[in-house]
Amino acid sequence: MRLVDTHTHLDFADFDADRDEVLAQARQAGVERMVVLGVYQANWQRVWALVKREPQLYAAFGLHPVYLEQHRAEHVRELGDWLSRLRGDRQLCAVGEFGLDYYVAELGRERQQALFEAQLQLAVDVELPALLHVRRSHADVIARLKRYKPARGGIIHAFAGSFEEAREYQKLGFKLGLGGAATWPQALRLRKVLPRLGLESVVLETDAPDMAPVMHAGVRNSPVHLPQIAQALAGVMGVEVEALAQASTRNAYEVFGWSC
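Residues numbered from 1 in each chain as written. Predicted model: local features only at pLDDT ≥ 70, side-chain atom pairs only at ≥ 80, totals over all residues. Heavy atoms only, no water.

For the protein, the name recorded in an unreviewed UniProt entry is TatD family hydrolase, with Pseudomonas brassicae as its organism. Check the Sequence similarities (unreviewed entry) section of the UniProt entry for the protein; it says "Belongs to the metallo-dependent hydrolases superfamily. TatD-type hydrolase family." (UniProt positions renumbered as here; feature names shortened; annotations may be inferred.)

Have a look at this one:
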């Protein structure tokens, strides 16, 4: 089974003690490529240094809404400089992680929206996919995607919206990132939506070290868990796990413009 983990934070300190072992185990489990996402200006260099050590790793850089208080106006300019300087490098694959988070009440919506739009424009300018964090903000995200029209589309990370929202994202050229959340029986709405999604619309992810699946509750999530996540999601969707693996890997290659 060939798999791609389209969303990890392998640069986080959670992996400092055993990162090389995790990467080796993931490869052995069939996870052939992994995307590591930058979330604030101070970790971009750490992400890039990690990625350049391992040919199966790919990098994305962005300004995550949860770290809103750490971001400065000059960081948007610096992000543009990073993306322009690395443009064309095979291991730069996207802009992200960025988006809108209306779940955390203290995060100012206007500042989030301005930052989101600035990064959408960067994705358009450098012609890279956008890897988006969307929590309780689907309507605003969809409205802005329709306005900016990023030609390379991207991925809606940890998709947990409705079937109608899923269709809107698909029309805009976005894939839906599925991971540990839907393995939990409590995710009733999401587990009802998943069987209605076509295999052409989804990619797989872990969000490691976060969003552990139910079979690894309470422990650090890892790309090593992706085959078990795929197995659980295939059961929810009512498809064979190999069919999900093949489709999600093909979709990831399409989003990132990778050749086989």
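What's the story with the packing of helix α4 (residues 109-126) against helix α5 (residues 138-148) in this structure? I'm lost.
Two packed helices can be described by the angle between their axes and the distance between those axes. It is the contact of α4 with α5, at a shortest axis distance of 11 Å, that shows an interaxial angle of 35°. Relative to α5, the crossing made by α4 is right-handed. Mapping the contact onto sequence places Gln113, Phe116, Glu117, Leu120, Gln121 and Val124 in α4 and Asp140, Val141, Arg144, Leu145, Arg147 and Tyr148 in α5. Split into classes, the residues belonging to the contact of α4 with α5 amount to 6 nonpolar, 2 polar and 4 charged. (Axes fitted to C-alpha atoms, helices over the stretch in contact; angles between N-to-C directions. Helix = DSSP H or I, 4+ residues; strand = E, 2+ residues; numbered from the N terminus. Left-handed = near helix turned anticlockwise from the far one by under 90°. Contact = heavy atoms within 4.5 Å. Nonpolar A, V, L, I, M, F, W, Y, C, P; charged D, E, K, R; others polar.)

So what exactly am I meant to see when it comes to the UniProt feature "binding site: a divalent metal cation 1" (unreviewed entry) in the protein here?
Residues given the UniProt feature "binding site: a divalent metal cation 1" (unreviewed entry) here are His7, His9, Glu97 and Asp207. Annotated residues spanning 201 residues; largest pairwise C-alpha distance 11.0 Å, indicating a single compact cluster. Its place among the elements puts His7 in strand β1 (residues 3-8). Given a relative accessible area of 2%, His7 falls into the buried group. At 3.4 Å, the side chain of His7 forms a polar contact with the side chain of His157. Counting through the fold element by element, Asp207 comes out in the loop between β8 (202-204) and α8 (226-237). A residue is classified by how much of its surface remains accessible, and Asp207, at 8% relative accessible area, is buried. If sequence neighbours within four positions are ignored, Asp207 has contacts with His7, His9 and His157. A distance of 3.3 Å separates a polar atom in the side chain of Asp207 from a polar atom in the side chain of His9. (Buried < 20%, exposed > 50% of the residue type's maximum accessible area, 1.4 Å probe, protein only. Polar contact = N/O pair within 3.5 Å; in protein donor to acceptor, adjacent residues only side chain to side chain.)

Would you mind going over helix α1 (residues 19-28) with me for this structure?
In an α-helix there are 3.6 residues to a turn, and that puts residues three or four apart on one side. Here α1 has its buried residues at Arg19, Val22, Leu23 and Ala26. End-on, the buried residues of α1 take up no more than an arc of 100°, which puts them together on one face. As for α1, its buried residues are in contact with β2 (31-37), α2 (44-53) and β3 (57-61). Note on α1: the residue one or two positions beyond its end, Gly30, has a positive phi of about 100°. (Arc of directions from axis to C-beta.)

So what exactly am I meant to see when it comes to the UniProt feature "binding site: a divalent metal cation 2" (unreviewed entry) in the protein here?
Per the UniProt record, the feature "binding site: a divalent metal cation 2" (unreviewed entry) sits at His133 and His157. These annotated residues cover 25 residues of sequence, and their C-alpha atoms all fall within 5.6 Å of one another, placing them together at a single site. When you line up the elements, His133 lands in strand β5 (residues 130-135). With residues near it in sequence (within four places) discarded, His133 still touches His64, Pro65, Val66, Glu97, Phe98, Gly99, Leu100, Asp101 and His157. Within the structure, His133 has its side chain in polar contact with the side chain of His64 (distance 3.3 Å). Mapped onto the secondary structure, His157 falls in strand β6 (residues 154-157). For His157, a relative accessible area of 5% corresponds to the buried category. Among residues more than four places away in sequence, those in contact with His157 are His7, Glu97, Leu132, His133, Gly177, Glu205, Asp207 and Met211.

For this particular structure, what's the right way to read the pairing of strand β4 (residues 92-101)?
Burial analysis of β4 places 10 of its 10 residues in the buried class, which makes it a mostly covered element. In terms of strand pairing, β3 meets β4 through 3 bridges, oriented parallel. Among the inter-strand pairings, Phe61 is bridged to a residue of β4, identified as Val95. Where β4 lies against β5, 5 bridges are found, and the strand directions are parallel. By the bridge assignment, Asp101 is partnered in β5 with Arg135. (Pairing = 2+ DSSP bridges.)

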